[in-house]
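Each chain, written out:
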Amino acid sequence: MTSKSSGNSGISKPEALSLLEKEGCSEELKKHALAVSRHARGIAEKIRAKGHPIDIDFVEVGALLHDIGRCRTNGVAHGLEGAKMMGKISPRIARVCERHVGAGLDRHEAASLGLPARDFLPKTLEEKVIAHADNLVSGDKVVGIDEAVKEFEEKLGRRHPAVKRIRELNDYIAKLCENGKA
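Residues numbered from 1 in each chain as written. Predicted model: local features only at pLDDT ≥ 70, side-chain atom pairs only at ≥ 80, totals over all residues. Heavy atoms only, no water.

(A) Just the pattern of salt bridges, in detail. Under the criterion given, the structure shown has 18 salt bridges. Put simply, Glu 23 and Arg 72 hold a salt bridge, and the shortest N to O gap is 3.1 Å. You can see Glu 23 sitting in the loop between helix H1 (13-22) and helix H2 (27-49) and its partner Arg 72 sitting in the loop between helix H3 (56-65) and helix H4 (78-86), a full 49 residues away along the chain. Here Lys 50 makes a salt bridge to Glu 178, at a shortest N to O gap of 4.0 Å. You can see Lys 50 sitting in the loop between H2 and H3 and its partner Glu 178 sitting in the segment after helix H9 (161-177), a full 128 residues away along the chain. The class for Lys 50 is partly exposed, based on a relative accessible area of 42%. Beyond isolated ion pairs, a larger network of salt bridges with shared partners links Lys 13, Arg 41, Glu 45, Asp 57 and Glu 60. (Salt bridge = Lys/Arg side-chain N within 4 Å of Asp/Glu carboxyl O. Helix = DSSP H or I, 4+ residues; strand = E, 2+ residues; numbered from the N terminus. Buried < 20%, exposed > 50% of the residue type's maximum accessible area, 1.4 Å probe, protein only.)

Next comes the structure, spelled out in structure tokens:
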């Protein structure tokens, strides 16, 4: 699975869409993946326009596949399941899958959720952009950061560390975009 437009992922956008289809992902999941991909690409383009190096094609394809684990399971474990599914195809996309949930999970949160006790925090700029775009897409609609945070607060509680990380990630991305809004 390689093509000229695959960036560093080894997978092109058409191949990513085909993989979602092959894995039996629901129409709702495909719509969500497409919306996250469009939004993530837009953010990446703003970041690149401000002079920051970022692999826009990888962001687009990684965002398409970030939730592929949901084709097999729901809940927080979908990130790890997606990483297993993508591991041999694209280790780089596998890392996106396991690190995109919320703004990532630290090892204590991961362990408390039944995942391996290690950090699942986005590390690369591309991973951060994809996680952030996912936080700002509810279903297939882009929402503002306040609405996104409110959703997480309702699920996790106002003082949950993930809520703080989501705001911090938003601030980081907004600063790179230099317009205060991603």
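Moving on, there is more to tell.
(B) View of the packing of aromatic side chains. Within the structure shown, the criterion is met by 0 aromatic pairs. The residue whose ring lies beneath Arg 92 is Phe 58, and the NZ or CZ to ring-centre distance is 3.7 Å. Across from the ring centre of Tyr 172, 4.7 Å away, lies the NZ or CZ of Lys 128, which sits over that ring. (Phe/Tyr/Trp six-rings, centres within 6.5 Å; stacked < 30°, edge-to-face > 60°. Lys NZ or Arg CZ within 6 Å of the ring centre and 35° of its normal.)

(C) Fine view of the state of the cysteines. Per the counting criterion, the structure on display carries 1 disulfide. Each sulfur of the disulfide joining Cys 25 and Cys 71 lies 1.6 Å from the other. What sets the handedness of the Cys 25 and Cys 71 disulfide is the S-S torsion sign, and at about 60° it is right-handed. Of this pair, Cys 25 sits in the loop between H1 and H2 while Cys 71 sits in the loop between H3 and H4, placing them 46 residues apart in sequence. Each member of the pair Cys 25 and Cys 71 is classed as buried. The structure places no disulfide on Cys 97, whose sulfur is separated from the nearest cysteine sulfur, that of Cys 71, by 10 Å. (Disulfide = S-S within 2.5 Å.)

(D) Representation of H3 within the structure. Burial of H3 is extensive: 9 of the 10 residues sit out of reach of the surface. Every buried residue belonging to H3 is among Ile 56, Phe 58, Val 59, Glu 60, Val 61, Gly 62, Ala 63, Leu 64 and Leu 65, and all of these are buried. The inward-facing, buried residues of H3 abut H1, H2, H4, helix H5 (91-99) and helix H7 (125-135). Its side-chain oxygen placed 3.4 Å from the backbone nitrogen of Asp 57, Asp 55 serves as the N-cap of H3. (Contact = heavy atoms within 4.5 Å. Polar contact = N/O pair within 3.5 Å; in protein donor to acceptor, adjacent residues only side chain to side chain.)

(E) Quick peek at H1. Among the residues making up H1, those that are buried are Glu 15, Ala 16, Leu 19 and Leu 20. The arc enclosing the buried residues of H1, seen along the axis, measures out at 145°, which places them on a common side. Of the exposed residues in H1, the ones pointing more than 90 degrees away from its buried face are Pro 14, Glu 21 and Lys 22. Lining the buried residues of H1 we find H2, H3 and H4. Trailing H1 by a residue or two, Gly 24 shows a phi angle of about 75°, which is positive. (Arc of directions from axis to C-beta.)

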